[in-house]
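Residues per chain, in single letters:
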Amino acid sequence: MSISCLGEVFVELKSTKHLSECSSFEVTIGGLAAKIATELSNLGINVKFFCALGNDVFNELLTDWLSSMGVDVRRTKKNLRTTLLITLNNDVKIFFRKPYFSSADTELTLNDINLNDILESDALLCTSLTLTENPLKHTIHYVAKNMFKNSKKTFLYISTTYPYKLSDNEMLSILKYTSHALIDYKALPLFGTTKPKTLAHIIFRKTESVGKVAIIYDNKMLSYDRSSYEVMLNINHYSKIKHVATYISEEIGKKLAK
């Protein structure tokens, strides 16, 4: 099984304290696309990760980090700083990223990727944060459209994108090239509801492409298909990233088994 992941990767500095109280930070890899890619690799899936990194020391750090987890990193180097996220008090997020700061991850263009390389994969994964800034947004749309036209499974993971906001039209524009919509339960209000089944009906009514909708909770997933059949998937671990990776792996396996 194989999958191509496109999207955000950045350095995340984390602290449980307020900025005025910080004496040190935990340095880790940031970006849902990158984190899910590593979990998919852990599950034995061949993962290609297409990204833009800065012309700085973090370029090698993130590349080595992903490579050490078995991810095939297809990076392009930009004459910019690698994107940075500071997370404070487990809640406050400070982005050094477009439009607030010129950084690399949003600058992945069509010239930076090989579409045929991606089309060789069984599936595609992208996330809602990749849809907030061009040229990355344009690249994601182009790749998703071509993967969908070639009958490949396309997974979109939608989470809260604060401080960025996505309109309904922006969501629908990518969902029409999406076969599986995975949605963090905290992002339900983005669609004007807090009820998972209602959200699934909204997506199925407004798109013809989406075949399954999965709502991700801390310790469970609710999955819906177009027959409105609901399946609750109990999870024996407490990581949304692992939930998403496991679900994607199983769905890719179902198609290949046919």
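Further up the page is the structure itself.
In short, a report on the structure. (Residues numbered from 1 in each chain as written. Predicted model: local features only at pLDDT ≥ 70, side-chain atom pairs only at ≥ 80, totals over all residues. Heavy atoms only, no water.)

Some words on the pairing of strand 6 (residues 84-88)
Part 1: In terms of burial, strand 6 is a largely internal element, 4 of the 5 residues being buried.
Part 2: Pairing of strand 2 (residues 10-15) with strand 6 involves 5 bridges; the strand directions are parallel. The partner of E12 across the bridge, within strand 6, is L85.
Part 3: With 5 bridges joining them, strand 6 and strand 7 (residues 92-96) adopt antiparallel strand pairing. From the neighbouring strand, I86 faces strand 7, where its bridge partner is I94. (Buried < 20%, exposed > 50% of the residue type's maximum accessible area, 1.4 Å probe, protein only. Helix = DSSP H or I, 4+ residues; strand = E, 2+ residues; numbered from the N terminus. Pairing = 2+ DSSP bridges.)

Topic: the state of the cysteines
Part 1: Taken as a whole and judged by the stated rule, the model has 0 disulfides.
Part 2: Counting only cysteine sulfurs, C126 is the nearest neighbor of C5, a cysteine outside any disulfide, at a range of 9.4 Å.
Part 3: The buried category is assigned to C5, whose relative accessible area is 0%. (Disulfide = S-S within 2.5 Å.)

Quick word on a nonpolar patch on the surface
Part 1: The grouping of V27, V57, F58 and L61 at the surface amounts to a nonpolar patch, some 330 Å² of accessible area in total.
Part 2: With 3 residues, helix 2 (residues 57-68) is the largest single contributor of residues to the nonpolar patch.
Part 3: Inspection of the secondary structure puts V27 in strand 3 (residues 26-30). (Patch = residues over 30% accessible without salt bridge, like charges linked within 9 Å, V, L, I, M, F, W, Y side chains within 5 Å. Areas by Shrake-Rupley, 256 points an atom, 1.4 Å probe, with all protein chains shown as cover. Salt bridge = Lys/Arg side-chain N within 4 Å of Asp/Glu carboxyl O.)

Section: unusual backbone geometry
Part 1: Of the consecutive residues K98 and P99, the connecting peptide bond is found in the cis state with omega at 0 degrees.
Part 2: For the peptide bond that leads from N134 to P135, omega is 5 degrees, which places it in the cis range.
Part 3: Residue S151 is not a glycine yet carries a positive backbone phi of 60 degrees.
Part 4: Relative to the helices and strands, S151 is located in the loop between helix 4 (136-149) and strand 9 (153-158).

A word on the nonpolar core
Part 1: Ranked by internal contacts, the top residues of the largest apolar core, which has 38 residues, are L6, V143, I183, I203, V213 and I215.
Part 2: It is helix 4 that contributes the most residues to this core, 5 residues altogether.
Part 3: Apart from the residues within four sequence positions on either side, L6 is in contact with A33, F50, L108, I118, L124, L125, C126, T130, T139, I140 and V143.
Part 4: With 36 residues, the next largest nonpolar core counts L13, I36, V47 and I248 among its residues. (Core = buried A, V, L, I, M, F, W, Y, C linked by side-chain atoms within 4.5 Å. Contact = heavy atoms within 4.5 Å.)

Observations regarding the sheet that holds strand 6
Part 1: Ordered in space as 3-2-6-7, the 4 strands form an open sheet in which the pairing is mixed. One side of each edge strand has no neighbouring strand; the edge strands of this open sheet are strand 3 and strand 7. For this sheet the average axis-to-axis angle between neighbouring strands, irrespective of direction, equals 25 degrees. (Axes fitted to C-alpha atoms, helices over the stretch in contact; angles between N-to-C directions.)

Focus: the packing of aromatic side chains
Two aromatic rings, taken as a pair, are described by how far apart their centres are and by the angle between their planes.
Part 1: Taken as a whole, this structure holds 5 aromatic pairs when the rule is applied.
Part 2: Taking 5.5 Å as the distance between ring centres and 80 degrees as the angle between the ring planes, the aromatic pair formed by F10 and F95 counts as edge-to-face. Remark: F95 occurs in strand 7 and F10 occurs in strand 2; sequence separation between them is 85 residues. Here F10 and F95 have matching classes, each one buried.
Part 3: The interplanar angle of 90 degrees and the centroid separation of 5.7 Å between the aromatic rings of F96 and F101 together place this pair among those described as edge-to-face.
Part 4: By relative accessible area, F101 is classed as partly exposed at 34%.
Part 5: Feature note: the residues F10, F95, Y100 and Y164 constitute an aromatic cluster, connected by ring pairs.
Part 6: Across from the ring centre of F95, 5.9 Å away, lies the NZ or CZ of R97, which sits over that ring. (Phe/Tyr/Trp six-rings, centres within 6.5 Å; stacked < 30°, edge-to-face > 60°. Lys NZ or Arg CZ within 6 Å of the ring centre and 35° of its normal.)

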